[in-house]
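Breakdown of the fold
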Amino acid sequence: MAASTIFGLGGMLMPALAWVVMSYTWTLDIPFIDITYKPWRLFLIVCALPDLFCGISLLSLPESPKFVLSQGKQTDTIDIIQRIYAINTGEKKETLKISSIIEEYESLASRKHNEQNAKGGWRVFKSMYNQTAPLFMGEHLRKTLIACTLQFGIFVTSNGMYMFFPDILNRIAKHVEQSGGNYTATICDAVHETKILPFSESMSCDPKLDISTFEHSLVLEVLYAVGFVLIGVTINAVGKLAILVFVLMGCGLCGIGSIFTTVPLLSIYLYVSLLCCGLAVTVVNAATVDLFPTHLRAMSVCISLMMGRLGSVFGSNLVATMLEYNCEATFLMSGISLILCGVLSFFIPNVQVRRDRRVREERLSISSLGQ
């Protein structure tokens, strides 16, 4: 949850940078590559620089000790843990005395099975199969399908509808301006009345966004940052199920309500609330981690997030197809899908188990394994 909070804080920089960079209309012709350099091109470069910095900084981070231990490298694992201890405390790494580490039975059995059955060039593919196939077999199948469905449904709305968030807000602002401030239409009325016709060479692109678009985008990112903090503080007290139901059903209802109000500011903030459904992604990840044994946790989260990213692609293309022709159905579909995801949350196994109880159970299993 701490990483998600930092992600939310970082997300606040995006609309702020866009406000600074894209609120101008300057152009710069570059003849030798035959392009006209505009603010949006500069914005792409500015957004890419933090990614470049983060990619370089990863080279200085130690490997995950859990991953190294799964490779049977006991000595390297101890060294990494001591390095992390030294970074966190400022003391010498030798201060932390570790003689050995007890590897979980499932992880040990999985590694030995991989070593016995995977040889030569097929070893990597065999290892991938051994980590992935169990997720779709036996008792794990139901849990995997629920996690994947939830991520797919959340990303369809959080990323699919977000893709057109600046455009819709800009069109509302233009519609309000054209009506002389006497705005009594719904959000979809504004979309329909500023309908974008099929592109032709005679048309010109207006790259400028209304200032209110940047302001509301910044509000959305602030809500994400605050939401991640609140989830991190309350998740152990109220449980993952309560948060999932509140976020998914609440955002779904806001999405449905946004198509009925004729108050522009209210419709915008209901739209913003709809997009806050992305807060549930980290909670689903936390629930997924609790569902599977250690040697399958990383792969289960990767598979579910992969389905979420597919949901982003599907949602973006679906909204692009539907928005101009049936805006109401687009918002209605997003809201209902989130409500259904909220209902599906009740079927996550052991989702109501509190973290302190799970920790006690894990300690008990480790204690019995040591004996």
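Residues numbered from 1 in each chain as written. Predicted model: local features only at pLDDT ≥ 70, side-chain atom pairs only at ≥ 80, totals over all residues. Heavy atoms only, no water.

The criterion, for reference: UniProt positions are given in the numbering used here, feature names are shortened, and annotations may be inferred rather than shown by experiment.
Going by the annotation in an unreviewed UniProt entry, the name recorded for the protein is Major facilitator superfamily (MFS) profile domain-containing protein, with Phlebotomus papatasi given as the source organism. The UniProt entry for the protein carries the following comment under Subcellular location (unreviewed entry): "Membrane".

1. Comments concerning the overall build of the protein
The following threshold applies: Here a strand is any run of E in DSSP of at least two residues, a helix any run of H or I of at least four, and the numbering for each starts at the N terminus. Burial classes follow relative accessibility: with a 1.4 Å probe on protein chains only, a residue under 20% of its type's maximum area counts as buried, one over 50% as exposed, and anything between as partly exposed. Note on definitions: a residue-residue contact is assigned when non-hydrogen atoms from the two residues lie within 4.5 Å. Areas reported here follow the Shrake-Rupley algorithm with a probe of radius 1.4 Å; residue values treat only the protein chains shown as occluding.
Secondary structure assignment for the protein yields 17 helices and two strands. Buried positions account for 37% of the 371 residues belonging to the protein. For the protein, long-range pairs separated by at least 24 residues make up 73% of all intrachain contacts whose partners lie at least 6 apart in sequence. Surface summary for the protein: the accessible area is close to 21,400 Å², and the carbon and sulfur share equals 65%.

2. Concerning empty space enclosed by the protein
With a probe scaled to a water molecule rolled over the atoms, the places where space remains empty come into view. Condition: Of the grid points, spaced at 1 Å and generated over the protein atoms alone, those admitting a 1.4 Å probe that cannot get out make up cavities, while open sets with protein on both sides within 12 Å along at least five of seven lines make up pockets; any residue with an atom within 4 Å of a point is treated as lining. Grid points are joined across faces, edges and corners, and a volume is the space filled by probe spheres set on the points.
For the structure shown, the criterion picks out two cavities of 30 Å³ or more. Of the pockets and cavities examined, the second largest cavity occupies roughly 40 Å³. Lining the second largest cavity, in full, are K143, I146, A147, L150, V284, A287, T288, L291 and I348. Sorting the residues of the lining of the second largest cavity by element identifies α8 (138-158) and α14 (280-291) as the ones contributing at least two each.

3. A closer look at the pattern of salt bridges
Formally: Each salt bridge in this description consists of a side-chain nitrogen of Lys or Arg and a carboxyl oxygen of Asp or Glu lying within 4 Å of one another.
Within the structure shown, the criterion is met by four salt bridges. A salt bridge links K93 to D79; the nearest nitrogen and oxygen atoms lie 2.8 Å apart. Here K93, found in the loop between α5 (74-89) and α6 (105-117), pairs with D79, found in helix α5; they are 14 residues apart in sequence, far enough to count as distant. With a shortest N-O distance of 3.0 Å, K240 and D290 are connected by a salt bridge. Of the two residues, K240 sits in helix α12 (residues 240-257) while D290 sits in helix α14, which places them 50 residues apart along the sequence. With a relative accessible area of 9%, K240 lands in the buried category. Members of the salt-bridge network, linked through shared partners, are D167, R171 and E324.

4. Quick look at the nonpolar core
In a soluble, globular protein the nonpolar side chains are often hidden away together inside. Short version of the rule: Nonpolar core, defined: a set of buried Ala, Val, Leu, Ile, Met, Phe, Trp, Tyr and Cys residues in which side-chain atoms within 4.5 Å join the residues together.
Membership of the largest hydrophobic core comes to 55 residues, with the highest contact counts inside it found for I168, Y271, L323, F331 and I348. Among the elements that make up this core, the one with the highest residue count is α12 (seven residues). Discounting residues that sit within four places of it in the chain, L323 has contacts with F164, I168, V191, H192, T330 and F331. Listed in part, the six residues of the second largest apolar core include A18, M22, C47 and F214.

5. Re the packing of aromatic side chains
Quick reminder of the rule: Aromatic pairs are defined between Phe, Tyr and Trp rings, using the six-membered ring for Trp, whenever the two ring centres lie within 6.5 Å; interplanar angles under 30 degrees are classed as stacked, those over 60 as edge-to-face, and all others as tilted.
If you walk through the whole model with that rule in mind, you get five aromatic pairs. When the centroid spacing of 5.8 Å and the interplanar angle of 35° are considered together, the rings of F152 and F314 count as tilted. A residue pair is termed long-range when its members are at least 10 positions apart, and F152 in helix α8 and F314 in helix α15 (residues 294-322) qualify at 162 residues. Given the relative accessible area of 45%, F314 is considered partly exposed. Relative to F331, the ring of Y271 has its centre 5.1 Å away and its plane inclined at 70°; by these criteria the two rings are edge-to-face. Highlighted residues: Y271 in helix α13 (residues 264-275) and F331 in helix α16 (residues 327-344), separated in sequence by 60 residues.

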